[in-house]
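# Results of the structural survey
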Amino acid sequence: MKIVKGFIITVLVLAVLLVVNIICNKNGIELNSVGTGTISAVAAMLIYGGLTKKDKKENEEK
């Protein structure tokens, strides 16, 4: 189940990044690929960590 959650989170973060890049490109703003790649990876890790931590607490309470 954790692999599926990780995959879904990664896809959602990349979709948001795609939309942000499209909006910025239409307005003439070019984003740095190294910075956006790093930010998207960190965001995915933080979201995944938060979701798995929440699940771990729920499993321990049972």
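Coordinates for the structure precede this section.
Throughout what follows, the structure given in this document is the object of discussion. Every value quoted in this text rests on a predicted model; they were computed, and no experiment measured them.

### Points about the environment of Thr 36
Considering the arrangement of structural elements, one finds Thr 36 in helix α2 (residues 33-61). Sequence spacing of Thr 36 and Val 20 is 16 residues, and the spatial spacing of their C-alpha atoms is 10.0 Å. Leave out the neighbours within four places in its chain, and Thr 36 touches Leu 17 and Leu 31. Here Ser 33 takes part through its backbone oxygen, which lies 3.2 Å from a polar atom of the side chain of Thr 36.

### Digging into helix α1 (residues 2-26)
Compared with the 36 Å implied by 1.5 Å per residue over 25 residues, the 36 Å span of α1 between its first and last C-alpha is a close match. All of the buried residues in α1 are Gly 6, Ile 9, Val 13, Leu 17 and Cys 24. Two residues or fewer after α1 comes Gly 28, characterised by a positive phi angle close to 85 degrees.

Definitions and limits used
- Here the residue numbering is sequential within each chain, running from 1 through the sequence in written order.
- Given that the model is predicted, a residue must reach a pLDDT of at least 70 before its local features are reported, and side-chain atom pairs must reach 80 or more before they are shown or counted; all residues, however, enter totals for whole chains, interfaces and linings.
- Hydrogen atoms and water are omitted, and side-chain values are computed over all heavy atoms in the structure.
- Helix and strand labels come from DSSP, where a helix needs a run of H or I of at least four residues and a strand needs a run of E of at least two; each type is numbered from the N terminus.
- Only heavy atoms enter the contact rule, under which two residues are in contact if any of them lie within 4.5 Å.
- Between N or O atoms, a polar contact is any pair within 3.5 Å; within protein, one atom must be a potential hydrogen donor and the other a potential acceptor, and residues adjacent in sequence are included only when both atoms are from side chains.
- An expected span of 1.5 Å times one less than the residue number is assigned to each helix.
- Between buried and exposed lies partly exposed: a residue is buried under 20% and exposed over 50% of the maximum accessible area for its type, with that area taken using a 1.4 Å probe on protein chains only.

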